[in-house]
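# Architecture at a glance
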Amino acid sequence: MFQSFFPKPKLFFLSAAIWSLAAVIVWYGFASDLGPSLGLGTAPEGPPPIDLRFFVTPDFLWFYIYYAVCTVLFGGFWWYFERDHRWHVWSVWGSSLIIFITYFSVQVSVAINNWRRPFGDTLQNALEGDKGVVAADFYMLMLMFAQIAGLSMALFVMNRFFVSHYIFRWRTAMNDYYVAKWGNVRHIEGASQRIQEDTMRFASIMEGLGVSMIDAVMTLIAFLPVLFSLSTYVSTLPIVGEIPAPLFTAAILWSLFGTVLLAVVGIRLPGLEFHNQRVEAAYRKELVYGEDHEHRAQPPTLTELFSNVRKNYFRLYFHYLYFNLARGFYLQADNMFTYFILVPTIVAGTITYGIVQQILTAFGQVSNSFQYLVNSWSTIIELLSIYKRLKGFEVSIAERETMPPEELARLLSEKEAKL
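Residues numbered from 1 in each chain as written. Predicted model: local features only at pLDDT ≥ 70, side-chain atom pairs only at ≥ 80, totals over all residues. Heavy atoms only, no water.

Going by what an unreviewed UniProt entry lists, the protein is known as Peptide antibiotic transporter SbmA and is assigned to Roseibium porphyridii. Per UniProt, the comment on the protein under Subcellular location (unreviewed entry) is "Cell membrane". (UniProt positions renumbered as here; feature names shortened; annotations may be inferred.)

So this is what it looks like as C-alpha cells:
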C-alpha cells in the first residue's frame, strides 16, 4: 500500500512528522519575526486587510519563502538517497504541494473570518439607525468578499484536480506493485478483488479522508492563534467562571471530549466491518465457483453462507444504533455550545455583533478540526477494514515468496482439489 508509492514509508513518514513539527516550532518560536531583518518590510499596524492584500503582506511573503526552503531541504534529502524511486516526484513533492495549497485555502478562511467583523459591525450600526452607514459601505464590503470567495473557489477546483491525479498515481503504484508479483499472487484467495476493488476503494477513500485530515491540521495551525487572540474579549464562562484563554481552552476540551466519546463508543465497529467483508467474500466466492462447477453453490451451502452475512449485518446495525445515537447527541449539543459559553459575555454587552460572528466562525473551525475523528469515524472504519485486507494480502505474498517450491506446489494442488 505505502512502499509502492513512498520511499521507505516508515522512515519517510516519521521524518516528515519530525521535520514538520520542527518547522512549525521554529516558525512560531522566532522565525516568523525574521522577515523585516531580511528586507521584506513590516506588517502595517492595525487590523489585517480584508481583501486580497491579506495574502501579500510582508508576513505572508516571508512564510512563502520559509515554506519553500523547508520543502526543498526535505525533498532534496529524500531525492539524494532515493533518487531511483519511480514515484518520488508525486509522493514527496506532490505531498508538499497539497499541504501548501491546503494551508493557503485555510488562510482564505481566516481572511473571510477577518471580514466578518467589519461587516457585522456595519450591519449592527445600520440596524441601530446610525446615519453614518451608507449603501456604498455594504457594496464595498461585498466586493471584498467576492474577491476572497473567487480565490477560494479557484483554489478548491485546482486542489481537487491535483489531488485526484495524485491519488490515482498512488493507486497505479499499488496496482503495478501487485501485478509485478502476479506469479505468486494469482493463487491467493481473493487476489483479483484485492488488486482491483480494494486498491480502488483505498484510493477513493484516501482522496477524501487524507485531504480532510491535512485540512484539519492546517486549520488548527491557522485558527488556534486567532481563537487565542479572540479569547481576550471573553473573560467568564458559564459554571467554571474565569479561566485563562477561555475560548481556546473550551474549544480544546470540548473537542477532545467528543473525540474520546466516539472512539470509545465505536471501538468494536472496525472489527465488525472487517468480519463483514470476510463473510461477504465467502458468499461471493461460492457463487462464482458455482458458475463453473455444478457441485458448488448448492442451496444448503448458500443458505448457510448467507445466514452468516445476515448475522453480521444485524450485529453491525445494533452497534451502529448506539454509535449514531451518541454521535447525534454530541453534534446537536455542539451546535449550541459556542452560544452557551458566550452567554455571560453577550448579556454583559461587552462585545459587538461582528466580534460574535468572528468568535463563532473561529470556534467552529477549531472544534471541527479537533472533531476530525468524530466527523470521519464511519469512513475511517471502512478504511481500516480495507487496510486489514490489503495487509493480509501482502503478508500472504511475502509468505509465498519465501515458501519452498514443493510446499507451494502442495498448496496449489489442494486448492485445485477444492475446486
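Among the surface-exposed residues, W19, I65, V69 and L73 lie close enough to one another that they form a single nonpolar patch of about 360 Å² accessible area. Among the elements that line the nonpolar patch, the one with the most residues is helix α2 (residues 58-81), at three residues. Among the secondary structure elements, W19 is positioned in helix α1 (residues 9-29). A relative accessible area of 35% places W19 in the partly exposed class. (Patch = residues over 30% accessible without salt bridge, like charges linked within 9 Å, V, L, I, M, F, W, Y side chains within 5 Å. Areas by Shrake-Rupley, 256 points an atom, 1.4 Å probe, with all protein chains shown as cover. Salt bridge = Lys/Arg side-chain N within 4 Å of Asp/Glu carboxyl O. Helix = DSSP H or I, 4+ residues; strand = E, 2+ residues; numbered from the N terminus. Buried < 20%, exposed > 50% of the residue type's maximum accessible area, 1.4 Å probe, protein only.)

Bringing the UniProt feature "transmembrane region" (unreviewed entry) in the protein into the picture now. Sites flagged by UniProt as "transmembrane region" (unreviewed entry) map to residues 12-30, 61-80, 92-112, 138-162, 209-228, 248-269 and 336-356. Regarding residues 92-112, the helix share stands at 100% and the strand share at 0%, and the terminal C-alpha atoms are separated by 31 Å. Annotation note: span residues 248-269, helix share 86%, strand share 0%, distance between end C-alpha atoms 32 Å.

The next subject is the environment of N113. If you trace the backbone, N113 turns up in helix α3 (residues 88-127). Given a relative accessible area of 0%, N113 falls into the buried group. Taking the C-alpha atoms as reference points, N113 and L123, separated by ten residues in sequence, lie 15 Å from one another. Those residues in contact with N113, other than ones at most four positions away along the chain, are F223, V226, Q357, Q358, T361 and A362. (Contact = heavy atoms within 4.5 Å.)

Quick look at α1 now. Residues spaced three or four apart along an α-helix face the same direction, because each turn holds 3.6 residues. For α1, which comprises 21 residues, the first-to-last C-alpha distance of 29 Å matches the rise-based estimate of 30 Å (1.5 Å per residue) to within 8%. Within the span of α1, buried status applies to P9, F12, S15, A16, A23 and W27. Down the axis of α1, the sector holding all buried residues measures 130°, keeping them to one side. In this structure, α1 carries K10, L14, I18, L21, I25 and G29 as exposed residues pointing more than 90 degrees from its buried face. Contact partners of the buried residues in α1: α2 and α3. (Expected span 1.5 Å × (residues − 1). Arc of directions from axis to C-beta.)

Attention shifts here to the packing of aromatic side chains. Following the criterion strictly, the structure yields 48 aromatic pairs and no others. Their ring planes at 75° and their centres at 5.4 Å tell us that F12 and F13 sit as a pair that is edge-to-face. Relative accessible area serves as the criterion here: at 5%, F12 is assigned to the buried category. Looking at F13, the relative accessible area reads 36%, which means it is partly exposed. Measuring from ring centre to ring centre gives 5.1 Å for W27 and Y66, while their planes differ by 45°; the resulting arrangement is tilted. Of this pair, W27 sits in helix α1 while Y66 sits in helix α2; the two residues are 39 residues apart in sequence, bridging distant segments of the chain. Taken as a pair, W27 and Y66 share a single burial class, namely buried. (Phe/Tyr/Trp six-rings, centres within 6.5 Å; stacked < 30°, edge-to-face > 60°.)

What follows covers α2. Relative to the 34 Å expected for 24 residues at 1.5 Å per residue, α2 spans 35 Å between its end C-alpha atoms, a close match to the ideal helical length. Of all the positions in α2, only P58, F60, W62, F63, Y66, Y67, C70, T71, F74, G75 and W78 are classed as buried. Considering only its buried residues, α2 is in contact with α1 and α3.

Here the focus is the side chain of S95. Along the chain, S95 turns up in helix α3. Take S95: its relative accessible area is 17%, and that puts it in the buried class. Not counting chain neighbours up to four residues away, the residues in contact with S95 comprise F6, W90 and Y166.

Let us now look at the pattern of salt bridges. Close approach of charged atoms lets side chains of opposite charge pair. This structure, assessed with the given rule, holds four salt bridges. For the salt bridge of R53 with D51, the shortest nitrogen-to-oxygen distance reads 3.0 Å. We classify R53 as exposed; its relative accessible area is 52%. The exposure class of D51 is buried, given its relative accessible area of 11%. Residues R86 and D176 are paired through a salt bridge, measuring 2.9 Å at the closest nitrogen-oxygen approach. Here the residue R86 occupies a position in the loop between α2 and α3, and D176 occupies one in helix α4 (residues 135-179), the gap between them amounting to 90 residues. The class of R86 is exposed, set by a relative accessible area of 60%. Given a relative accessible area of 29%, D176 falls into the partly exposed group.

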